[in-house]
Amino acid sequence: MDRLWTDFVNSDYHDWRGGDRSEDRLGKTEWQQGFLKQWQLNASVPASSEEEGALRSFRNELQALATRLSEGKPLSSKDQEWLNAKMKEGQVVRRLNAGDEGLKLSLIPAGTQWQQVMAEVAADFAITVVEGDGGRIRICDNADCRWIFYDDTRSRTQKYCDDKMCGNLMKVRRFRAKQKKDQQQE
Ligand SMILES: [Zn+2]
């Protein structure tokens, strides 16, 4: 399932079929609009070139951090400081709401700038590490894909972002590679 932070990091899209459709979607107006709508955030679209630059360097650092955690490394105090600095850029308002399951206390983003968006993304990542498990962060095993996701299977063995897509593709590739090898041996 997509999370706010994985959706953000995966704006660096890789063509999982190994074709030439890889693209960095972060600077695209369409991507920015869809992302804000999906996560109910506000910011001016399109982001200015300065904002886009800040978003991209934040994205790349978060991607590197997620990769380190996926390799089993712990969150360092430097990483913690970095996340704290990013979260500080966004203010929140506390609000008590009546929902289907009773009252709920929510933290509503107060700002409408991209800085606020980055603070929300950093906070969502922090929640994953605190309430979840950083060791469950995965990078799709299809080298062409590299999609970052959170493995919430009980067995903790999810290798591919999607078994129907990357999982099947890799199965077919392994089968073909074996067939080729067998033919060469004949
Ligand atoms: Zn994949």
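Residues numbered from 1 in each chain as written. Predicted model: local features only at pLDDT ≥ 70, side-chain atom pairs only at ≥ 80, totals over all residues. Heavy atoms only, no water.

Under an unreviewed UniProt entry, the chain has the name RNA-binding Zn ribbon-like protein and belongs to Paenibacillus pabuli.

**Q** Provide a residue-level description of the packing of aromatic side chains, including the pertinent values.
**A** Per the stated rule, a full pass over the model turns up 6 aromatic pairs. Centre to centre, the rings of Trp5 and Phe125 are 4.7 Å apart; their planes meet at 85°, and the pair counts as edge-to-face. Of the two residues, Trp5 sits in helix 1 (residues 4-9) while Phe125 sits in helix 5 (residues 114-131), which places them 120 residues apart along the sequence. With a relative accessible area of 0%, Trp5 lands in the buried category. Ring geometry for Phe8 versus Phe35: centroids 5.8 Å apart, planes at 50°, classification tilted. Residue Phe8 is found in helix 1, and its partner Phe35 is found in helix 2 (residues 29-38); the two are separated by 27 residues along the sequence. In this structure, Phe8 and Phe35 share a single accessibility class: buried. Members of the aromatic cluster, joined through ring pairs, are Phe8, Trp31, Phe35, Phe58 and Trp82. A cation sits over an aromatic face here: Arg3 above Tyr150, 4.0 Å from the ring centre. A cation sits over an aromatic face here: Arg25 above Tyr13, 3.8 Å from the ring centre. (Phe/Tyr/Trp six-rings, centres within 6.5 Å; stacked < 30°, edge-to-face > 60°. Helix = DSSP H or I, 4+ residues; strand = E, 2+ residues; numbered from the N terminus. Buried < 20%, exposed > 50% of the residue type's maximum accessible area, 1.4 Å probe, protein only. Lys NZ or Arg CZ within 6 Å of the ring centre and 35° of its normal.)

**Q** I'd like a rundown of the environment of Gly134, residues and numbers included.
**A** Counting through the fold element by element, Gly134 comes out in the loop between helix 5 and strand 5 (137-139). Expressed as a C-alpha distance, the spacing of Gly134 and Val172, which sit 38 residues apart in the sequence, is 31 Å. If sequence neighbours within four positions are ignored, Gly134 has contacts with Leu69, Ser70 and Val129. (Contact = heavy atoms within 4.5 Å.)

**Q** Go over the packing of helix 4 (residues 77-88) against helix 5 with me, naming the residues and quoting the values.
**A** It is the contact of helix 4 with helix 5, at a shortest axis distance of 7 Å, that shows an interaxial angle of 140°. Comparing their axes, helix 5 and helix 4 come out oblique. Every pair of crossing elements has a handedness; the one defined by helix 4 and helix 5 is left-handed. Here Leu83, Lys86 and Met87 of helix 4 lie close against helix 5, whose contacting residues are Ala119, Ala122, Ala123, Phe125 and Ala126. (Axes fitted to C-alpha atoms, helices over the stretch in contact; angles between N-to-C directions. Parallel < 35°, antiparallel > 145°, perpendicular 65-115°, else oblique. Left-handed = near helix turned anticlockwise from the far one by under 90°.)

**Q** Can you lay out the side chain of Gln116 for me, pointing to particular residues and giving the numbers?
**A** Mapped onto the elements, Gln116 comes out in helix 5. A residue is classified by how much of its surface remains accessible, and Gln116, at 2% relative accessible area, is buried. Only 3.1 Å separates the side chain of Gln116 from the backbone oxygen of Gln91, close enough to count as a polar contact. Those residues in contact with Gln116 that lie beyond four places of it in its chain are Gly90, Gln91, Pro109, Ala110 and Gly111. (Polar contact = N/O pair within 3.5 Å; in protein donor to acceptor, adjacent residues only side chain to side chain.)

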